[in-house]
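# Observations on the three-dimensional arrangement
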Amino acid sequence: MLRSRSPRIQEQLLALALRQIEKMLKEMQKEGKELTRLKLKRFQKTHHIDCTCERCTTAKAKHDPRLRGLLEDGFKVYVEGDKAS
Ligand SMILES: [Zn+2]
């Protein structure tokens, strides 16, 4: 995982993720899936415990893990109550 992503790259990743979601939704619709209970979950992981970036250093100093830097890994699309897929 890259540590220093520019906002521009972030935007590009987001646009790519949204396109993938759109494609996924169309395929699900074609398969006749019920999409009214569809949920979209955004992955957000914190930086590794050993990370020494500015945010993580602050988090460590203040003993507040919520201040850690975040990694956004993407999106997950799922239908509520349909955990198998
Ligand atoms: Zn960090």
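Scope of this entry: the structure provided in the associated data block. Here, residues in each chain are numbered from 1, in the same order as that chain's written sequence. Only residues with pLDDT of 70 or above have their local features reported here, since the model is predicted, and side-chain atom pairs are shown and tallied only from 80 upward, although totals for entire chains, interfaces and linings are computed over all residues.

### Considerations on the overall build of the chain
Runs of H or I in DSSP of at least four residues are treated as helices and runs of E of at least two as strands, each being numbered from the N terminus. Tallying secondary structure elements over the chain gives two helices and two strands in all. The N-to-C order of helical and strand elements in the chain reads α-β-α-β. Here a residue counts as buried when 20 or more other C-beta atoms fall within 10 Å of its C-beta, as exposed when 12 or fewer do, and as partly exposed in between; the C-beta atoms come from the backbone. Counting all 85 residues of the chain, 1% fall into the buried class. Considering only contacts in the chain between residues 6 or more positions apart, those separated by 24 or more positions represent 62%. With C-beta atoms placed from the backbone, a contact is any residue pair whose C-beta atoms sit within 7 Å.

### Digging into helix 1 (residues 7-30)
To estimate how far a helix should extend, the number of its residues minus one is multiplied by 1.5 Å. Taking 1.5 Å per residue, 24 residues should reach 34 Å; helix 1 reaches 35 Å between its end C-alpha atoms and fits that length. Helix 1 sits mainly on the outside: zero of its 24 residues count as buried. G32 lies just past helix 1 and shows a positive phi near 80°.

### A word on the pairing of strand 1 (residues 38-46)
Judged by how many residues are buried, strand 1 sits mostly at the surface: zero of nine residues are covered. By the convention used here, strands pair only if DSSP detects at least 2 bridges between them. Bridge count between strand 1 and strand 2 (residues 70-79): nine bridges; the pairing is antiparallel. Residue pairing in the sheet places L40 in a bridge with V77 of strand 2.

### Here's the deal with unusual backbone geometry
For H63, which is not glycine, the phi torsion reads 55° and is therefore positive. Along the chain, H63 turns up in the loop between helix 2 (54-62) and strand 2.

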